[in-house]
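What the coordinates show
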Protein chains: 2
Amino acid sequence: MNSGLSFLLAARQCEIRELEQLAGTSELVSLLARFAHALQRERGIANLFLASQGAGFGEQRLVQMAECLQIEAQVRERFGRLDTGGDSVRNGARLFSRVAGVLHSLDGLHGVREAIAGRAISTKEATAAMVRVINGLLGVVFEAVDSATDPEISRALVALFNFMQGKEFAGQERAFGCALFASGRPEPGGKSQWQHLIDSQQACFQVFADFADFEVLAADRASADLRGLAELERLRRIGFSQLEGGRPDSGMAQLWYDCCTRRLDTMRELEELQAEHLRVLCERKIAQARTELRDQQAVLEALAAQPGAGGTPQAPHYGPQLERSILGMVQEQARRLQAMSDELDAVRASLNERKVVERAKGLLMAAQQLTEAEAYKTLRQMAMNQNRRVVDVAENILAMADVLPSRAR
Amino acid sequence: MNSGLSFLLAARQCEIRELEQLAGTSELVSLLARFAHALQRERGIANLFLASQGAGFGEQRLVQMAECLQIEAQVRERFGRLDTGGDSVRNGARLFSRVAGVLHSLDGLHGVREAIAGRAISTKEATAAMVRVINGLLGVVFEAVDSATDPEISRALVALFNFMQGKEFAGQERAFGCALFASGRPEPGGKSQWQHLIDSQQACFQVFADFADFEVLAADRASADLRGLAELERLRRIGFSQLEGGRPDSGMAQLWYDCCTRRLDTMRELEELQAEHLRVLCERKIAQARTELRDQQAVLEALAAQPGAGGTPQAPHYGPQLERSILGMVQEQARRLQAMSDELDAVRASLNERKVVERAKGLLMAAQQLTEAEAYKTLRQMAMNQNRRVVDVAENILAMADVLPSRAR
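Numbering of residues begins from 1 in every chain and follows the order in which that chain's sequence is written. For this description, chains carry letters from A and ligands carry numbers from 1, given in the order in which they are written. Whole-chain, interface and lining totals are the exception, using all residues; otherwise, since this is a predicted model, local features are given only for residues with pLDDT of at least 70 and side-chain atom pairs are given and counted only at 80 or more. Remark: hydrogens and water are excluded; side-chain values derive from all non-hydrogen atoms of the structure.

1. Digging into the overall build of chain A
For chain A, the count of helices and strands is 12 helices and two strands. Runs of H or I in DSSP of at least four residues are treated as helices and runs of E of at least two as strands, each being numbered from the N terminus. From first element to last, N terminus to C terminus, chain A shows the α and β order α-α-α-α-α-α-α-α-α-β-β-α-α-α. Taken along its principal axes, the extent of the C-alpha atoms in chain A is 90 × 50 × 45 Å. Among the 409 residues that make up chain A, the fraction classed as buried is 53%. Contact definition: two residues touch when any of their heavy atoms are within 4.5 Å. Counting only contacts in chain A whose residues sit at least 6 apart along the sequence, the fraction spanning at least 24 positions is 79%. Accessibility throughout is a Shrake-Rupley quantity obtained with a 1.4 Å probe, and a residue counts as covered only by protein chains that appear here. Accessible surface, chain A: about 18,200 Å² in total, of which carbon and sulfur atoms supply 53%. Burial here depends on accessible area, computed with a 1.4 Å probe over protein chains only, as a share of the maximum for the residue type. Under 20% is buried, over 50% is exposed, and the range in between is partly exposed.

Now the structure itself:
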C-alpha cells in the first residue's frame, strides 16, 4: 500500500487511540465525581458536628470519613496510573499540575479532620478547607474535559462538569445554611454570598441543560420532584429572613440539612447516570471507529490488488477510476474530520466562556480587592446595566487589563 | 518524594516533551515552506513554457522540476518519520489526514508534468493542479500550527503560516498575470479574481505583521525596497487596463514574471529567517525548561531531606514552613500554566477566525453556487455595508446556516 493510503489509515487509528484515552478520562471523571460527593457529605456532617458542639453526628462523621478515605485511596491509585512519562495524556502539563494541587490539599485534610475532632477549628475554616479540596478536584475535571477531542463525548463531559460544579455550589449552600440556622448569627455579607451560591447553581445547570443528552435531561426532569425544590425554596425564604438576625434553631438546621441532602443525593444519582452514559458512549464510538477502520482497510487492499494498480510505491499508478475512489476517500475523511473539529469548537466555546469569566473575575478581585462573590456580582451588574452577556462584559474587562490598577502587581 | 511533588515534576517534564515535539513541528513547517517555494517556481516557469507554446523555458523547467523532486523526496522521508503509531503527534488524526491528501495530490503531479511537457494541458489546468498541491501543504502546516502548545512558539508559527499563505497568493497572482499578459485574452471575472488575490495577500500579511517578532518585522521592512512594490503596482495597473482586452505581449509577460519572482524570492529569504528564528526559539525554550526542571528537582529534594519532613508517603508531614514552600510552588506552577494557556487562547483566536471565515465562505459557495473569490467578496461587501469585521459577518452567516438554502444538501 502506498504511503498516502497508509496515512489515511493512520489518521483513523489515531482517532481510535484518542477515543480510548477519552474512555480513560471519562472513567477518571466519574471516580472524581464520586469522591467529590463523599467529601461534600463529610463537609455537611462536619458542619453539623461542629454546630452541635460535638454533641451529635460524631458517629455519622466517622463513617463518612472512612468512606472518603477509601475513595481517596482509589483516586490516588488512579492518579498513579496516569501516563506521566509518556505522551498519551493530552494537556498533560496542566492536568498533572492540577493533580499536584489536589494531592497537596488532600495531604492537608488529615490535620483539618483532627482539628474538627478536637473542635479546634471554626465551621467556616473547616468548610473552606473542604471547598479547596473539592475545587481542586473540579479543576482536574476541567482540564480533563478541556482535552476531549470528540465532539459528542466532549458535549457529555461538558454537561457532567457543569453538573458537578452546580452540585458543588448546592453543597456549599447546604453548608452555608447549616451554619446560619445552627448559629442564628448571620455573617456580614451573608445575603450576597447566599445569592451568589444560588445564581451560580442556576448558571451551571443551564449549561448542563444545553449540553446533556436527551435521556439524561428526561431523567433530570423526572427526578425534579424528588429533589423537593418547593421545600428548598421555603427554607431559603425562612433563612433569608433569618439573615435579618434570628436565634439558633437546631431543628431548622436539621430540616435544612435533610432537604439539601436529599437534593444532593438525587443529583448524585443523575451523575451516576451521566457517568454510565459516558461509558457506553465511549464504547460505542470506539467499536464504530474500529469497524470503519476495518472496512476502510478492506477497501484499500481490494483497490491495491485490482488490475490497473501499478507503478512504484513512490509513484504509484492506479488508473483513473481507482484514482477517483482513493481521492473520494481522502476527501471524505478530511470533510468528516473538519466537521468534527467545527462541532468540537462549538462545544469548547462554552469552556472558553468559562475561562474568560474566571479571568475577568480574578482581575477584578486583584484590582479592587473584592471577594469572588463580589467580583461576580460586579460583572453581573455591569452586564445588566449594559444589556449585554456576562461573557461579553468579561471580555471587555480583560481587554482593559493593562489600565486596571492592581495591588497584586 | 511524595506523589504530589512528583506530579509537579511530571507537569514540567510534559512541558519539555511538548516543546521538543514543537521543535520537530517547526522543522517540518520549514521544510514544507521550502517545498512550496520550489513548486511555486515550477508553476511560474510551467506557465511561461505553456504560454510560449513550448518555445522557451524548457530547460529552466527541467532544472526546477529536478529541484522539486529532490525536495519532495525529503518531504516524503520526513512524513515517513512522523510517529503515526504513537501518541506524540498532537492533532494526529487531522494532520495525518492532510498528509494523505498531500501525498495523493503529489502522486498526481507526475501526470500533470507529462501533460505540460506534451503541451496537452491548458495553463489554467496546470496552475490549478499545482495550486491543489500547495494548498495541501498549507493545510498540513495549518494543522501543525493548530497543535502548538507554547504561546511564544505558537505566535511565530501563526506568523509564518500567514506569511506562507500570503506568499502563495502572491504566487497565484504571478501565474494569473503571466497567463493574462502572454495570452492577451482576459478570462470572464478576471478582474474580481485578481482583486481577490491582491486583497488576500494583504489580509495574510496583516496577520503576519500582528504576530511576527520584532526582528523579523525589521527584516521585512528592510527588504521592502528589494521587492520592488512600485514596479509591481505599475505592472498591475497596466494589467488591469489589459483586462479591458489587449493583445498578447510576451515582453510584458517576462517583465511581470521577473518582477513577481524577485518579490517571491525576497519573501523566501524572510521565510528562511523566520524558520531560523523558530529553531532558535524552540532550542532556547527547551534549554530554559530543562534548567527550571533541574532547579525545581533540587529544591524539592532539599525540602524532602530537611528535618520536619516525616510521615508516610501517603500522608506525609512536612511541618508548616515546608508546607508553605510546597504550596507556593504548586500555586506558582498553576499560575504560570494558566497564564500560558490564556496567552495561547489569544494567539489561537486568529486561527479560529480563519476557520470561521473559511466555513462561512464554504457555506456561501454551496448555498449560492459562488466561486471562492465571489464568496469572499460577498463577505467583505456585507462587512463594509454593516460596518463590521469580516469575521463577525462570517459568524452571523454560520449562525443562520440552517435557514440558508443549499444545493449541496
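Let's pick the thread back up.
2. Re the interface of chain A and chain B
A common way to express how large an interface is: the accessible area buried when the components associate. Between chain A and chain B, the contact holds 51 residues from the first and 51 residues from the second. Interface of chain A and chain B: buried area, both sides summed, is about 4,100 Å²; carbon and sulfur atoms make up 56% of it. The largest share of the area that chain A buries against chain B comes from Phe 7, Asp 87 and His 104 of chain A, three residues that together contribute 16% of it. A side-chain nitrogen of Lys or Arg and a carboxyl oxygen of Asp or Glu constitute a salt bridge if their distance falls within 4 Å. Taken together, the links from chain A to chain B amount to four salt bridges. A salt bridge links Asp 345 of chain B to Lys 355 of chain A; the shortest N-O distance between them is 3.7 Å. By the criterion applied in these results, polar contacts are pairs of N or O atoms within 3.5 Å in which, for protein atoms, one can donate a hydrogen and the other can accept it, and in which residues neighboring in sequence qualify only through two side-chain atoms. At the boundary of chain A and chain B, one finds six residue pairs in polar contact (both at pLDDT 80 or more). Elements with a minimum of two residues in the side of chain A that touches chain B: α1 (3-51), α2 (58-80), α3 (92-117) and α10 (320-368) of chain A. Counting residues per element, the side of chain A that touches chain B draws most heavily on α10 of chain A, which supplies 14 residues. Summed over both partners, the accessible surface that disappears when two parts come together, traced with a 1.4 Å probe, is what is meant by buried area.

3. Quick notes on the relation of the copies chain A and chain B
For the least-squares superposition of copies, only C-alpha atoms count, and only for residues with pLDDT at least 70 in both. Superposition record for chain A on chain B: RMSD 0.1 Å, screw rotation 180 degrees, translation along axis 0.1 Å. Considering both components of the superposition, the chain copies are consistent with a two-fold axis. Identified as the residue of chain A closest to the rotation axis by C-alpha distance is Asp 87 of chain A, at 2.7 Å.

4. Observations regarding the environment of Glu 353 of chain A
All names here are of chain A. In this fold, Glu 353 is placed in helix α10. For Glu 353, a relative accessible area of 30% puts it in the partly exposed group. For Glu 353 and Glu 395, which are 42 residues apart along the polypeptide, the C-alpha to C-alpha distance reads 9.0 Å. The residues touching Glu 353, leaving out its near neighbours within four places in the chain, are Arg 389 and Val 391.

5. Some remarks on unusual backbone geometry
The backbone of Gln 53 of chain A shows a phi angle near 60 degrees, a positive value even though the residue is not glycine. Here Gln 53 of chain A shows up in the loop between α1 and α2.

6. Regarding α2 of chain A
Helix span is expected to be 1.5 Å times the residue number reduced by one. Counted at 1.5 Å a residue, the expected span for α2 of chain A with its 23 residues is 33 Å, and the 33 Å between its end C-alpha atoms agrees. Along α2 of chain A, the residues that are buried comprise Arg 61, Gln 64, Met 65, Cys 68, Ile 71, Glu 72, Val 75, Arg 76, Arg 78 and Phe 79 of chain A.

7. Comments concerning the packing of aromatic side chains
Residue and element names in this part refer to chain A. Working definition: rings of Phe, Tyr and Trp (its six-membered ring) pair if their centres are within 6.5 Å, and the pair is stacked with planes under 30 degrees apart, edge-to-face with planes over 60 apart, and tilted otherwise. Summed over the entire model, instances satisfying the criterion amount to 18 aromatic pairs over all chains. Members of the aromatic cluster, connected to one another through ring pairs, are Phe 176, Phe 181, Trp 194, Phe 240 and Trp 256. Charge-over-ring contacts are defined here by two conditions on Lys NZ or Arg CZ: a distance within 6 Å of the ring centre and an angle within 35 degrees of the ring normal. A cation sits over an aromatic face here: Arg 61 above Phe 49, 5.2 Å from the ring centre.

8. Section: the side chain of His 37 of chain B
Residue and element names in this part refer to chain B. For His 37, the position within the fold is in helix α1 (residues 3-51). Residue His 37 is classed as buried on the basis of its relative accessible area of 10%. With residues near it in sequence (within four places) discarded, His 37 still touches Lys 167, Leu 264, Asp 265 and Arg 268.

9. A look at the pattern of salt bridges
Residues and elements named next belong to chain A. Applying the stated criterion across every chain, the model contains 68 salt bridges over all chains. Arg 268 serves as the salt-bridge partner of Glu 271, at 2.6 Å between the closest nitrogen and oxygen. On the criterion of helical spacing, the pair formed by Glu 271 and Arg 268 is a turn pair, its members being three residues apart in helix α9 (residues 250-305). Summarising the burial analysis for this pair, Glu 271 and Arg 268 share the class buried.

10. Details of the environment of Leu 327 of chain B
All names here are of chain B. In this fold, Leu 327 is placed in helix α10 (residues 319-368). Classification of Leu 327 as partly exposed rests on a relative accessible area of 32%. Residues Leu 327 and Cys 282, 45 residues apart in the sequence, show an inter-C-alpha distance of 30 Å.

11. Points about the side chain of Gln 40 of chain A
Residues and elements named next belong to chain A. Along the polypeptide, Gln 40 turns up in helix α1. Engagement of the side chain of Gln 40 in a polar contact is seen with the side chain of Lys 167, the distance being 2.7 Å. Apart from the residues within four sequence positions on either side, Gln 40 is in contact with Ile 134, Lys 167, Glu 168 and Arg 174.

12. Considering the nonpolar core
Buried residues of nine kinds, namely Ala, Val, Leu, Ile, Met, Phe, Trp, Tyr and Cys, make up a nonpolar core once their side-chain atoms join them within 4.5 Å. The biggest cluster of nonpolar side chains holds 174 residues, and the ones touching the most others in it are Leu 39, Phe 79 and Phe 96 of chain A together with Leu 39, Phe 79 and Phe 96 of chain B. Other than its neighbours up to four places away in sequence, Phe 96 of chain A contacts Leu 82, Asp 83, Thr 84 and Val 89 of chain A together with Phe 7, Ala 10, Ala 11 and Cys 14 of chain B.

13. Structural notes on the confidence of the model for chain A
All names here are of chain A. In this model, chain A carries a mean pLDDT of 85, and residues with pLDDT of at least 70 account for 92%. Residue-level confidence of the predictor is what pLDDT reports, using numbers from 0 through 100. Mean pLDDT values for the elements of chain A range from 52 in strand β1 (residues 310-311) up to 94 in α2. Per the prediction output, this complex has pTM 0.84; the corresponding ipTM is 0.80.

14. A word on the packing of helix α7 (residues 214-222) of chain A against α9 of chain A
Residue and element names in this part refer to chain A. Geometry is summarised by axes, namely lines fitted to C-alpha atoms with helices restricted to the contacting stretch, and by angles between N-to-C directions that run from 0 to 180 degrees. With their axes 10 Å apart at the nearest point, α7 and α9 run at an angle of 165 degrees to one another. As judged from the angle between their axes, α7 and α9 are roughly antiparallel. Every pair of crossing elements has a handedness; the one defined by α7 and α9 is right-handed. The segment α7 lies against α9, with Glu 215, Val 216, Ala 219 and Asp 220 engaging Leu 270, Leu 273, Gln 274 and His 277. Here the nonpolar group is Ala, Val, Leu, Ile, Met, Phe, Trp, Tyr, Cys and Pro; Asp, Glu, Lys and Arg are the charged ones; every other residue, Gly included, is treated as polar. Tallied by class, residues from the contact of α7 with α9 come to four nonpolar, two polar and two charged. Relative orientations are named as follows: roughly parallel for angles under 35 degrees, roughly antiparallel for angles over 145 degrees, roughly perpendicular for angles from 65 to 115 degrees, and oblique for any other angle. Note on convention: the crossing is left-handed when the near helix lies turned anticlockwise from the far helix by less than a right angle, right-handed when the turn is clockwise.

15. Some words on the packing of helix α5 (residues 151-183) of chain B against helix α6 (residues 190-211) of chain B
All names here are of chain B. Interaxial distance between α5 and α6 falls to 8 Å at its minimum, and their mutual angle equals 160 degrees. Viewed along their axes, α5 and α6 adopt a mutual orientation that is roughly antiparallel. Of the two elements, α5 crosses α6, and the hand of that crossing is left-handed. In the contact of α5 with α6, the residues fall into 15 nonpolar, eight polar and four charged.

16. Here we look at the environment of Ser 200 of chain B
All names here are of chain B. Within the secondary structure, Ser 200 is located in helix α6. Residue Ser 200 is classed as buried on the basis of its relative accessible area of 6%. Considering only alpha carbons, one finds Ser 200 and Phe 169, 31 residues apart in sequence, at a separation of 6.8 Å. Among the polar contacts listed, one links the side chain of Ser 200 to the backbone oxygen of His 196, at a separation of 2.7 Å.

17. Things to note about the state of the cysteines
Note on terminology: disulfide denotes any pair of cysteine sulfur atoms within 2.5 Å. Following the criterion strictly, the structure yields zero disulfides over all chains and no others. Cys 14 of chain A supplies the cysteine sulfur nearest to Cys 282 of chain A, a cysteine that is in no disulfide, at a spacing of 17 Å. When its relative accessible area of 2% is taken as the criterion, Cys 282 of chain A is described as buried. Counting only cysteine sulfurs, Cys 178 of chain B is the nearest neighbor of Cys 68 of chain B, a cysteine outside any disulfide, at a range of 16 Å.

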